[in-house]
Amino acid sequence: MNVILTKLHGHIVSIPSFLSINLPLNLRYFSKSSVNDSEINFDFSKALVLNKITRYEFEKKRYLNIAEEKLKLKLQERGSNYDRLIEHHNIHYRSLERILNAFKEKGIETRVTQRYNYSYDDINWANCIFSAGGDGTFLLASAKIKSNDKPVIGINTDITSSEGHLLLPKEQSVNFSQTLAKLLNGKFSWLYRARIRIYLEGENVDEQPIELHDQVLKNLEHRYIEHMEENRQTKLKREAKNSKNSESKLFRIPTLALNEVFIGEALSARVSYYLMSIDDGPLFRQKSSGIIICTGTGSTSWCYNINKMSAQSVKRIINLVKSKINNGENTIPANDDNFVSNITHEFNDSIVFEPDQLRMAYTIRDPVINRIYTNETNRGFGKKLIVQSRCFDACLVIDGSQSYQFNDGSKAVLETLPEDSLKTVLVNKD
C-alpha cells in the first residue's frame, strides 16, 4: 500500500507535515447556543486545527535517514505491522481532508498545525481550536489553553483505532460537515471541563519538567515543546519576584491537568511515603504505591480502571456475604448473572462523576494499613488537596506527559477553580 502524500487545497500534508494552511474567509459565522436558558453568540470565523502525528509519521521521525523498504523491515523485526500503520495513516488524512473541506464550504478561515509547531500565536489568532486525531491530540490542544473563554473541540479521525472519550461522538466525527452545520446554527451547549491547578513548593520544583514522550522520541521535538520556554519564563519571573518578596514560596505549574495527576516514587516497585490533607483538614500519613488525583473527565480513565471491580470479584463478595447471613440460608442470588452484573455496573458507575464538577477524586494505590498507618480511606473527593513528600526519588506527573521532581520536603497544593475550566461543546444529536 502506498503512503498518502496528499494535497489539501494545494498543500502537501505528509512527511514532513504541513505547518500551516490558510483557507479563504468568505463569511463571518456567529452561532447561538443556550447556557442556563440564555442565548449567547459565538464567532466561529477563525478555526485552528491541530493535526495529530500518526504512528507512521512518528516512526519516520525516529528513523529519519533510512529508505522506506528498510523502515518496513525494521518495523517488521519489532513485530509491528507496517501495512497497518500505512492504512491508519491514510484513514487519518482522508478524515482530515473531509474536515478541511467542511470548513472551506462554510467559508471559515482555517489554519492547520501539528504538535511541534503548535504556538500561542496561532492560538491567539483563532476563535476556536479543533483537534484532529485522538484523545492524546485533544489533551495536547487543551494544554496550552489557560482560560475558559476559548473552546476546544475534538474530532476523532480514526474511529477504528481510537475510542475518543474526549472527542465528538463517532457519528458526529465521521459526519463532520453536518456537525459543523449544527455548531454554526447554535445546536449545541457548552461543557466546562474542570481542570486541576497545581502549586509546588520545595527544592528544584521549578526546574524544567521531564517530557515523558521525549524519552521515546530521542530528539528535541517535544510533545509540549513550548512548555519548556514557558516554564523557563515562569521560573525567571518567580526568581525576580522572590528577590523582592522572600515570603513567596509557591510555584504555579503552567500546565493545568485535564485528566489526572500522579504523585509517587518514579520506580513503581518502591513504596511512596507522604502526608496529605483534604479540604484544609489535618495532615495524615500515607504509605502506598502513590496517589492519583483526577477530575471528572479523568474519572473514566486511569482512576476508573484502578477502582473498578470485575463481575468475578463481586460474585465472590456476594458469596462471602451469603455465608455470614442466616447460616447461608438467604435469598441473595449470588449465581444469578444478571444480578451480579447489575451490582457490578452500579458500583463501577459510582466511580465516575461529571466532568464539570469543581472537585477532585483521589485514589491511594495499594495503601499499607497497620498500627502506624491507620487510615482506611483509600479514595474520596475534595476541592483542595495538599500532599507533602517523604519520598526518595518521586515525581508529580500531569496527564501522563510532564514529570516534576517531588522529593522529600516538597509540597503540592491542588485545587479546582471555575476560571481554569476548559470550554468544550456538546453537539445536539438528531
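You'll find the structure just up there.
Predicted model only: the values in this text are computed from it and were never measured.

Chemist: Kindly report on a nonpolar patch on the surface, identifying the contributing residues and their values.
Modeler: Taken together, Ile317, Val321 and Ile325 make up a surface patch of nonpolar side chains, about 200 Å² in accessible area. Its location among the elements puts Ile325 in the loop between α10 (311–324) and α11 (337–349). Given a relative accessible area of 32%, Ile325 falls into the partly exposed group.

Chemist: Quick one: what's the story with unusual backbone geometry, residue by residue and with numbers?
Modeler: Positive phi, close to 50°, is recorded for Asp279, a residue that is not glycine. You can see Asp279 is positioned in the loop between β14 (272–278) and β15 (284–288). Its identity is not glycine, yet Asp366 carries a phi of approximately 50°, on the positive side. When you line up the elements, Asp366 lands in the loop between β17 (360–364) and β18 (379–382). For Asp366, a relative accessible area of 54% gives the class exposed.

Chemist: Quick one: what's the story with the pairing of strand β16 (residues 291–294), residue by residue and with numbers?
Modeler: Residues of β16 alternate between two faces, with Ile291 and Ile293 on one and Ile292 and Cys294 on the opposite face, all of them buried. As defined by bridge partners, strand β13 (residues 260–265) adjoins β16 across 4 bridges and the pair is classed as antiparallel. Paired with Phe262 across the two strands is Ile292, which belongs to β16. Sheet topology note: the β16/β17 ladder contains 4 bridges and is antiparallel. Following the sheet pairing, Ile292 is matched in β17 by Thr363.

Chemist: Can you break down the packing of helix α1 (residues 55–62) against helix α2 (residues 68–77) residue by residue, with the values?
Modeler: Geometrically, a packed helix pair is captured by the angle between its two axes and the distance between the axes. Where α1 contacts α2, the two axes come as close as 11 Å, and the packing angle between them is 105°. Here α1 lies roughly perpendicular to α2, going by the angle between them. Contacts between α1 and α2 involve Tyr56, Glu59 and Lys60 on the former and, on the latter, Glu68, Leu71 and Leu75. In terms of residue class, the contact of α1 with α2 is made up of 3 nonpolar, no polar and 3 charged.

Chemist: Account for the pattern of salt bridges, with residues named and values stated.
Modeler: Overall, the coordinates contain 12 salt bridges when judged by the stated rule. For Glu265, the salt bridge goes to Arg270, with nearest N and O atoms at 3.6 Å. We classify Arg270 as partly exposed; its relative accessible area is 31%. In the salt-bridge network here, residues are joined through shared partners; they are Arg55, Glu59, Arg62 and Arg78.

Chemist: Which residues make up the sheet that holds strand β5 (residues 46–51), and what are the values?
Modeler: Within a sheet, each strand pairs with its neighbour through backbone hydrogen bonds, oriented either parallel or antiparallel. Read from one edge of the open sheet, 4 strands run β6-β5-β7-β8, paired in parallel fashion. Each having just a single partner strand, β6 (109–114) and β8 (152–156) make up the two edges of the open sheet. Along the sheet, successive strands turn relative to each other by an average axial angle of 25°, direction set aside. Of the strands in this sheet, β5, β7 (128–133) and β8 touch helix α5 (residues 135–143), which is tilted by about 155° from β7.

Chemist: Could you give an account of α5, with specific residues and numbers?
Modeler: Buried residues dominate α5, accounting for 7 of its 9 residues. For α5, every residue scored as buried is listed here: Thr137, Phe138, Leu139, Leu140, Ala141, Ser142 and Ala143.

Chemist: If you had to explain the packing of aromatic side chains to someone new, which residues and values would you point to?
Modeler: For the structure shown, the criterion picks out 10 aromatic pairs. With centroids separated by 5.1 Å and ring planes inclined at 70°, the aromatic side chains of Phe103 and Phe130 adopt a geometry described as edge-to-face. Of this pair, Phe103 sits in helix α3 (residues 82–105) while Phe130 is found in strand β7, placing the two residues 27 residues apart along the sequence. Of the residues examined, Phe103 reaches a relative accessible area of 1% and is grouped as buried. Phe130 gets classed as buried once you look at its relative accessible area, which sits at 0%. Cluster of aromatic residues (ring-pair linked, three or more members): Phe42, Phe44, Phe188 and Trp190. The ring of Phe381 has Arg359 lying over it, and the distance from NZ or CZ to the ring centre is 3.9 Å. The residue whose ring lies beneath Lys423 is Trp190, and the NZ or CZ to ring-centre distance is 4.1 Å.

Chemist: Tell me about the sheet that holds strand β11 (residues 210–211), residues and numbers included.
Modeler: The strand order across the open sheet formed by 7 strands is β11-β21-β20-β13-β16-β17-β18, and the pairing between neighbours is antiparallel. Two strands bound the open sheet, and with one partner strand each, they are β11 and β18.

Chemist: Give a detailed account of the packing of α1 against α3, specifying residues and quantitative values.
Modeler: It is at 8 Å that the axes of α1 and α3 come closest, and there the two elements cross at 120°. Looking at the two axes, α1 sits oblique to α3. Listed contacts from α3 to Arg55, Tyr56, Glu57 and Glu59 of α1 are Tyr82, Leu85, Ile86, His89 and Tyr93.

Chemist: Hey, could you go over the pairing of β18 for me, with residue numbers and the actual values?
Modeler: The side-chain alternation of β18 yields one buried face, formed by Gly380 and Gly382, and one unburied face, formed by Arg379 and Phe381. Judged from the 4 bridges that link them, β17 and β18 form a sheet pairing that is antiparallel. Note on β18: the bridge partner recorded for Tyr362 is Gly380.

Chemist: Account for the state of the cysteines, with residues named and values stated.
Modeler: Formally, a disulfide is one covalent bond, and it connects the sulfur atom of one cysteine to the sulfur atom of another. Throughout the structure, instances matching the rule amount to 0 disulfides. Looking at Cys303, it has no disulfide partner, and the nearest cysteine sulfur is the one in Cys294, 3.4 Å off. Of all cysteine sulfurs, the one in Cys395 lies closest to Cys391, which takes part in no disulfide; the gap is 9.0 Å. Note on Cys391: relative accessible area 6%, which makes it buried.

How each quantity is defined
- Residues numbered from 1 in each chain as written.
- Predicted model: local features only at pLDDT ≥ 70, side-chain atom pairs only at ≥ 80, totals over all residues.
- Heavy atoms only, no water.
- Patch = residues over 30% accessible without salt bridge, like charges linked within 9 Å, V, L, I, M, F, W, Y side chains within 5 Å.
- Areas by Shrake-Rupley, 256 points an atom, 1.4 Å probe, with all protein chains shown as cover.
- Salt bridge = Lys/Arg side-chain N within 4 Å of Asp/Glu carboxyl O.
- Helix = DSSP H or I, 4+ residues; strand = E, 2+ residues; numbered from the N terminus.
- Buried < 20%, exposed > 50% of the residue type's maximum accessible area, 1.4 Å probe, protein only.
- Pairing = 2+ DSSP bridges.
- Axes fitted to C-alpha atoms, helices over the stretch in contact; angles between N-to-C directions.
- Parallel < 35°, antiparallel > 145°, perpendicular 65-115°, else oblique.
- Contact = heavy atoms within 4.5 Å.
- Nonpolar A, V, L, I, M, F, W, Y, C, P; charged D, E, K, R; others polar.
- Phe/Tyr/Trp six-rings, centres within 6.5 Å; stacked < 30°, edge-to-face > 60°.
- Lys NZ or Arg CZ within 6 Å of the ring centre and 35° of its normal.
- Disulfide = S-S within 2.5 Å.

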